[in-house]
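Notes for the structure review
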Amino acid sequence: MPTSTEAKPPFPPFTRETATQKVRMAEDAWNSKDPDRVKMAYSPDSVWRNRTTFVTGRDEIRDFLSGKWEQENGYKLIKELWCCADAQIAVRFCYEYHDAAGAWFRACGNENWEFDDDGLMRVRHASINDVPIDEVERKFRWEGDQRPDDHPGLSALGL
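Here's a quick rundown of the structure. (Residues numbered from 1 in each chain as written. Predicted model: local features only at pLDDT ≥ 70, side-chain atom pairs only at ≥ 80, totals over all residues. Heavy atoms only, no water.)

Side note on the environment of Gly-153
Note on placement: Gly-153 falls in the segment after strand 6 (121-133). When the C-alpha atoms of Gly-153 and Phe-93 are compared, they prove to be 9.6 Å apart, with 60 residues separating the residues in sequence. With sequence-adjacent residues up to four places away left out, Gly-153 is seen in contact with Ile-78, Glu-80 and Arg-147. (Helix = DSSP H or I, 4+ residues; strand = E, 2+ residues; numbered from the N terminus. Contact = heavy atoms within 4.5 Å.)

What follows is the structure in C-alpha cells.
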C-alpha cells in the first residue's frame, strides 16, 4: 500500500502486465532526456550502479543523467521486460546515440530493479556495452522523444 504523495503506480507485487507498464513508463521518461522528470521515479535514497559509476539519491541521479545526455546526442531508447517477481523487475534494453564527432553507437544492456511499496525504484543495477555502428545501421528512427506504440520493440528488431 502506497505511503507517499510521490507514489508511482503500478505498485509491487508486479504481474507481467504491471511490470510491462512500469518498463514502458521508464522508457518514456528516459527518452524525454529530462533528468528532473526521471529522478522522481526513484526513491530519495535510491542506489545505482551504472557501468562503473555508483550513484546515491535523486540529486546524484539528476547530475549523472545531465552529464550522460550532454554526451549522448540523438538518444533513443527501447526497454523490454525480461522477468519480474514481487518487487523486482529485470529489463533488457538498447539505445542509440552519437557523440560530438558524429560517431554512432548502440548501447545494449540489462538492468535489475527493486521497488519500494510506493512504486519508486530503490535499487538499479545496470550493465551496458557500447557497439560502434554506422548511421545506416540505426534502427531507432522515430520523430520526437516517445517511441510510437506501433514501433517494433527489441525482440521484433532482432536485438
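Next comes the rest of the description.
Regarding unusual backbone geometry
Cis geometry is found at the peptide bond from Pro-9 to Pro-10, where omega equals 0 degrees. Relative to the assigned elements, Pro-10 resides in the segment before helix 1 (16-32). For Asp-86, which is not a glycine, the phi torsion comes out positive at approximately 50 degrees. Looking at the element boundaries, Asp-86 is found in the loop between strand 3 (73-85) and strand 4 (88-98).

A few points about the pattern of salt bridges
Tallying each qualifying case throughout the model produces 19 salt bridges. As a salt-bridge pair, Glu-96 and Arg-106 come within 2.9 Å of each other at their nearest N and O atoms. Linking Glu-96 in strand 4 with Arg-106 in strand 5 (residues 104-115), this pair joins segments that are 10 residues apart in sequence. Take Glu-96 and Arg-106: they sit in the same class, and that class is buried. Residue Arg-124 is joined to Glu-111 by a salt bridge in which the shortest nitrogen-to-oxygen separation is 2.7 Å. On the criterion of sequence distance, the pair formed by Arg-124 in strand 6 and Glu-111 in strand 5 is long-range, its members being 13 residues apart. Taken together, the shared-partner salt bridges in this structure form one network comprising Arg-24, Glu-27, Asp-28, Arg-147 and Asp-149. (Salt bridge = Lys/Arg side-chain N within 4 Å of Asp/Glu carboxyl O. Buried < 20%, exposed > 50% of the residue type's maximum accessible area, 1.4 Å probe, protein only.)

Some points on the state of the cysteines
Under the criterion given, the structure shown has zero disulfides. Cys-83 takes part in no disulfide bond, and the closest cysteine sulfur to it belongs to Cys-84, at a distance of 7.1 Å. Among the residues examined, Cys-83 registers a relative accessible area of 37% and is labelled partly exposed. (Disulfide = S-S within 2.5 Å.)

Re helix 1
Every α-helical turn comprises 3.6 residues, leaving residues that sit three or four positions apart pointing alike. Between the first and last C-alpha of helix 1 there are 25 Å, a value that for 17 residues agrees with the 24 Å anticipated at 1.5 Å per step. In terms of burial, helix 1 is largely enclosed, as 12 of its 17 residues are buried. Those residues of helix 1 that sit buried are Thr-18, Ala-19, Lys-22, Val-23, Arg-24, Ala-26, Glu-27, Asp-28, Ala-29, Trp-30, Asn-31 and Ser-32. One or two positions beyond helix 1, positive phi appears at Lys-33, with a value near 55 degrees. (Expected span 1.5 Å × (residues − 1).)

None of this, on its own, says anything about what the molecule does.
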